[in-house]
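Breakdown of the fold
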Amino acid sequence: MATESTSQPKKAGAFDIRLIIALLIGVYGVILTVMGAFFTSDAELKKAADVNINLWAGLGMLVVSALFIIWAKVRPLVVPAEPETEDAAPTTGE
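Before going into details, it helps to say that this report is about the structure given with it. It should be emphasised that the depicted structure is a prediction, and the values quoted were computed from it without experimental measurement.

1. A word on the packing of aromatic side chains
Summed over all chains, the structure comprises one aromatic pair. Look at F68 and W71: their rings are 5.9 Å apart centre to centre, the planes differ by 55°, and that puts the pair in the tilted class. Here the residue F68 and the residue W71 both occupy positions in helix α3 (residues 53-74), the gap between them amounting to three residues, near one helical turn.

2. So, the pattern of salt bridges
Per the stated rule, a full pass over the model turns up one salt bridge. Here D16 makes a salt bridge to R18, at a shortest N to O gap of 2.7 Å. Each member of the pair, D16 as well as R18, carries the same accessibility label: buried.

3. Observations regarding helix α1 (residues 17-38)
Because an α-helix completes one turn every 3.6 residues, residues spaced three or four positions apart along the sequence face the same direction. Here α1 spans 32 Å end to end across 22 residues, near enough to the 32 Å set by a 1.5 Å rise per residue. Of the surrounding secondary structure, the elements contacted by the buried residues of α1 are α3.

4. Comments concerning the side chain of T33
Checked against the element boundaries, T33 lands in helix α1. Judged by its relative accessible area of 16%, T33 is buried. There is a polar contact of 3.5 Å between the side chain of T33 and the backbone nitrogen of L59. When residues no more than four places from it in sequence are discounted, the contact partners of T33 are N54, L55, G58, L59 and L62.

What counts and how
Residues numbered from 1 in each chain as written. Predicted model: local features only at pLDDT ≥ 70, side-chain atom pairs only at ≥ 80, totals over all residues. Heavy atoms only, no water. Phe/Tyr/Trp six-rings, centres within 6.5 Å; stacked < 30°, edge-to-face > 60°. Helix = DSSP H or I, 4+ residues; strand = E, 2+ residues; numbered from the N terminus. Salt bridge = Lys/Arg side-chain N within 4 Å of Asp/Glu carboxyl O. Buried < 20%, exposed > 50% of the residue type's maximum accessible area, 1.4 Å probe, protein only. Expected span 1.5 Å × (residues − 1). Contact = heavy atoms within 4.5 Å. Polar contact = N/O pair within 3.5 Å; in protein donor to acceptor, adjacent residues only side chain to side chain.

Remember, this is a structural readout, not a statement about activity or role.
Dropping the structure here:
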């Protein structure tokens, strides 16, 4: 029983760089959000003109991370089933 799945293009999945970037930004976002929400003193807020910058930066990073994940899910990278050979590579017109 031969299947034709070998000729179908495959998705990059976990090797998509957008997901790796989303993970890194998301981890930093969680850390900053927790630090801003639970470990910010009044003295630190005074230094920052009463703006909880860790909280806002963390929430912003979480939003950016979510956007990267949505982007990767909506427009996945497709890996060609067969690698290009030199004969099949496009010419530059030389």
